[in-house]
Amino acid sequence: MTLDFPRAARVTPAKGVFIDNEWRAVARTIPVVAPAEGVVFAEIAAGGAAEIDAAVAAARRAFEGGAWSRLSATERGRLLSRLGQLILDNFDELAALEARDCGKPMKTARADIEAAARYFEFYGGAADKVHGEQIPFQRGYYVTGERDPLGVTGHIIPWNYPAQMIGRTLGPALAMGNATVLKPAEDACLTPLRIAELAAEAGFPPGAINVVPGYGHEAGQALADHPGIDFIAFTGSPRVGVMIQTAAAQNHIGCVLELGGKSPQILFEDADLEAALPVVVGAIVQNAGQTCSAGARLLVHKGLWDRLMPMVAERFAALRAGAPDDTPDLGPIISARQQAAVQSFIARAEAEGVPVIARGARQEAAPEGGFYVDPVVFGPVPRDNALARDEVFGPVLAAIPFEDEADAVALANGTDYGLIAGVWTRDTARAIRVARQIRAGQVYVNAYGAGGGIELPFGGVKKSGHGREKGFEALYEFSALKTLVIKHD
Ligand code: NAD
């Protein structure tokens, strides 16, 4: 066991599952591997059906008559804001923990902890800003519409942004007065466990936030199937998304699903290349490409191709993957399993003869056992190749030339996904025309927002999922409209 890297990381030993503001011991544990080194450095509890049962019961007590249910919206907001402040107060510890657990460069880990704090601050401020409305109805009636919490909400999050994800999914649910049960990912969940502890320190009453780490097919499945939850929020793979939605249907509850994408960045011939280039490269390299909204397809006007691609190639060739402390351009992949999946995707494209335009490398200092993948840009990628359609979840950019505006739109919409998109042009009318035709939850013009964007409603269409998180929209997602009809004469 090596415990010295990043040096500030205070490793939380397997304390168990966090229920009713207490750690409860669990017999089985899961080893935690540092992706940058490929070594086990901690362990977490392997919660199962019994722990999920206990967590849902605790949340139910909190929601129905517990101290949590008696708080006003302002008081809930204050607790959320206090948690945001506690995250900032423990910034270095959390950033080091996130970097070690996920293998992220320290710079990225710091940005993620800042974003986690922002989620709690944002939803802390928003908690008492959601108000109902009066609805004109027949004479003699007074009618209002008001927002009720849903009850006990289940949350299953992935390993790519554990700290951000706890803020993104619990922030709005708690702001609206729900009591929550979170199942973080077995591959990376140390910061959510620490943030749960900080929530108790902030003063959240017992049962408002319960966190049960464990395997997906055990704790995750038990939470999704549980008849005691009133809603479930899931971020992860389309395969598991189907299982979550099926379980939600069995229990007649709603769900929000965020299942990834194959998001396009469209560069027209009049694009500001100086502005676009770093963003185009950053949007696929960020978090080693393990971002649902990664800019994974570069759609380039045929007249721009010969000018642009050498510039993209130069940037890719200079990229270096390495360990968190060594200021690399990107870190490793989360696990040996995911690394193998990304590498096999790359090998298949090469075997099929898709041209490699440029490839980065790993830093000399990168630890031997880390799960690194050299960033690579392919192109021109045939439109029917898997690389042009399927999510890789690694630092792999697929460049594809297009003929004209209509072709660009058809290409952009030509996958099963629809999460986000970028349009780069100096022609405002074209930007608006194209943006309006793209089927996606977010479209950026002369910008691109992979990750972050707490204030901006976010979510997908098609296989990218449904429902919206982030921004005010999430507050509506985690609440139900109740119509109140009062006859007064
Ligand atoms: P996954 O869907 O298996 O895991 C996501 C979460 O779901 C984890 O917490 C996991 O424990 C849980 N889970 C797994 N099986 C479950 C089940 N049967 N019931 C309930 N919960 C369950 O994702 P993965 O295997 O870690 O990654 C595979 C692929 O998923 C990636 O290559 C990527 O394409 C995609 N992915 C997308 C996102 C995203 O942000 N949209 C995040 C992670 C992974």
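That block above? That's the structure.
Overview of the structure. Fair warning: this is a prediction, and the values are worked out from it, not measured in the lab. (Residues numbered from 1 in each chain as written. Predicted model: local features only at pLDDT ≥ 70, side-chain atom pairs only at ≥ 80, totals over all residues. Heavy atoms only, no water.)

Focus on the overall build of the protein
Piece 1. When you go through the protein residue by residue, the secondary structure sums to 15 helices and 22 strands.
Piece 2. Scaling as 2.2 N^0.38, a compact globule of 489 residues should have a C-alpha radius of gyration of about 23 Å, and the protein matches this with 23 Å.
Piece 3. Taken over the C-alpha atoms alone, the protein extends approximately 70 × 65 × 40 Å along its principal axes.
Piece 4. Expressed as a percentage of its 489 residues, the buried residues of the protein come to 59%.
Piece 5. As displayed, the protein has an accessible area near 18600 Å², and 52% of this comes from carbon and sulfur atoms.
Piece 6. Averaging the positions of the 46 positive and the 57 negative side-chain charges in the protein gives two centres separated by 3 Å. (Helix = DSSP H or I, 4+ residues; strand = E, 2+ residues; numbered from the N terminus. Rg over C-alpha atoms; globule rule 2.2 N^0.38 Å. Buried < 20%, exposed > 50% of the residue type's maximum accessible area, 1.4 Å probe, protein only. Areas by Shrake-Rupley, 256 points an atom, 1.4 Å probe, with all protein chains shown as cover. Lys, Arg positive; Asp, Glu negative; His and termini not counted. Charge placed at Lys NZ, Arg CZ, Asp CG, Glu CD.)

Structural notes on the nonpolar core
Burial of nonpolar side chains together is a common tendency in soluble globular proteins.
Piece 1. Counting 86 residues, the largest nonpolar core has Leu83, Ile87, Phe204 and Ile232 as its most contacted members.
Piece 2. Among the elements that make up this core, the one with the highest residue count is helix α4 (residues 106-126) (11 residues).
Piece 3. Ignoring anything within four residues of it in the chain, the contact list for isoleucine 87 reads Leu94, Ile113, Ala116, Ala117, Phe120, Ile195 and Leu198.
Piece 4. Formed by 63 residues, the second largest nonpolar core is a distinct cluster that contains Val285, Phe316, Ala366 and Val377. (Core = buried A, V, L, I, M, F, W, Y, C linked by side-chain atoms within 4.5 Å. Contact = heavy atoms within 4.5 Å.)

Concerning the pattern of salt bridges
Pairing between side chains of opposite charge can happen when the charged atoms of each approach one another.
Piece 1. Applying the stated criterion to the full structure yields 24 salt bridges.
Piece 2. Among the salt bridges present, the one from glutamate 93 reaches arginine 194, with a minimum N-O distance of 2.7 Å. Taken together, the residues glutamate 93 in helix α3 (residues 91-102) and arginine 194 in helix α6 (residues 190-202) connect sequence positions 101 residues apart. In this structure, glutamate 93 and arginine 194 share a single accessibility class: buried.
Piece 3. Among the salt bridges present, the one from aspartate 112 reaches lysine 104, with a minimum N-O distance of 2.8 Å. (Salt bridge = Lys/Arg side-chain N within 4 Å of Asp/Glu carboxyl O.)

Examining the sheet that holds strand β22 (residues 479-487)
Piece 1. On the basis of which strands lie adjacent, the open sheet formed by three strands has the order β5-β6-β22 and antiparallel pairing. Every other strand in the sheet has two partners, leaving β5 (133-134) and β22 as the edge strands with one partner each.
Piece 2. In the sheet, β5 pairs with strand β6 (residues 141-149) via two bridges, with the strands oriented antiparallel. Residue glutamine 134 lies in a different strand from β6, and its bridge partner there is threonine 144. (Pairing = 2+ DSSP bridges.)

Remarks on helix α2 (residues 73-89)
Piece 1. Taking 1.5 Å as the rise per residue, α2 with 17 residues should run 24 Å; its terminal C-alpha atoms sit 24 Å apart, in good agreement.
Piece 2. Every buried residue of α2 is accounted for by Arg76, Gly77, Leu79, Leu80, Leu83, Gly84, Leu86 and Ile87. (Expected span 1.5 Å × (residues − 1).)

Comments concerning the layout of surface pockets
Piece 1. For the largest pocket, the calculated volume is near 1000 Å³.
Piece 2. Contributing elements (two or more residues each) for the lining of the largest pocket: α7 (216-225), β10 (231-235), α8 (238-250) and α11 (336-351).
Piece 3. Taken together, the residues of the lining of the largest pocket sort by class into 19 nonpolar, 10 polar and eight charged.
Piece 4. The space that makes up the second largest pocket amounts to roughly 480 Å³. (1 Å grid on protein atoms, 1.4 Å probe; cavity = no way out; pocket = protein on both sides within 12 Å on 5 of 7 lines; lining within 4 Å. Points joined across faces, edges and corners; volume = space filled by probe spheres on them. Nonpolar A, V, L, I, M, F, W, Y, C, P; charged D, E, K, R; others polar.)

Topic: the state of the cysteines
Piece 1. Counted according to the given criterion, the structure contains zero disulfides.
Piece 2. The thiol sulfur of cysteine 292 is not disulfide-bonded, and the nearest other cysteine sulfur, from cysteine 102, lies at 14 Å. (Disulfide = S-S within 2.5 Å.)

A look at unusual backbone geometry
Piece 1. In the segment running from glycine 379 into proline 380, the intervening peptide bond is cis, with an omega of -5°.
Piece 2. You can see proline 380 is positioned in the loop between β17 (376-378) and α12 (386-389).
Piece 3. With a phi close to 55°, histidine 252 is a non-glycine residue in the positive phi region.
Piece 4. Along the chain, histidine 252 falls in the loop between α8 and β11 (254-258).
Piece 5. Positioned with a positive phi, asparagine 446 is a non-glycine residue whose angle comes to about 55°.
Piece 6. You can see asparagine 446 is positioned in the loop between β20 (442-445) and β21 (465-466).
Piece 7. A relative accessible area of 38% means that asparagine 446 is categorised as partly exposed.

Overview of the packing of helix α9 (residues 273-285) against helix α10 (residues 305-317)
Piece 1. Two elements in contact, α9 and α10, have axes whose closest approach is 11 Å; the angle formed by their N-to-C orientations is 50°. Put simply, α9 runs oblique to α10. Classified by chirality, the crossing of α10 by α9 is right-handed. Every residue of α10 that contacts α9 at Leu273, Leu277, Pro278, Val281, Ile284 and Val285 is listed here: Arg307, Leu308, Met311, Val312, Arg315 and Phe316. (Axes fitted to C-alpha atoms, helices over the stretch in contact; angles between N-to-C directions. Parallel < 35°, antiparallel > 145°, perpendicular 65-115°, else oblique. Left-handed = near helix turned anticlockwise from the far one by under 90°.)

Quick word on the site of the ligand
Piece 1. Taken together, 27 residues lie around the ligand, and Trp159, Lys183, Glu186, Ser237 and Glu391 are the ones closest in.
Piece 2. The contact in question runs from an oxygen atom of the ligand to an N or O atom on the side chain of arginine 337, over 3.2 Å.
Piece 3. Here the ligand loses 90% of its free accessible area of 810 Å² to cover by the protein chains.
Piece 4. One can see that the ligand is located within the largest pocket.
Piece 5. Among the residues making up the shell around the ligand, the classes are represented as 13 nonpolar, nine polar and five charged.
Piece 6. Both domain 1 (7-259) and domain 2 (264-453) contribute no fewer than three residues apiece to the shell around the ligand. (Near = heavy atom within 4 Å. Polar contact = N/O pair within 3.5 Å; in protein donor to acceptor, adjacent residues only side chain to side chain. Sits in = over half its atoms within 2 Å of the grid points. Domains from an automatic or database assignment.)

What to know about empty space enclosed by the protein
Piece 1. Per the stated rule, a full pass over the model turns up five cavities of 30 Å³ or more.
Piece 2. Looking at the second largest cavity, its volume works out to about 70 Å³.
Piece 3. Lining the second largest cavity are Gly261, Lys262, Ile284, Gly289, Thr291, Ala294, Ala296, Glu391, Val392, Phe393, Gly394 and Val396.
Piece 4. Split by residue class, the lining of the second largest cavity holds six nonpolar, four polar and two charged.

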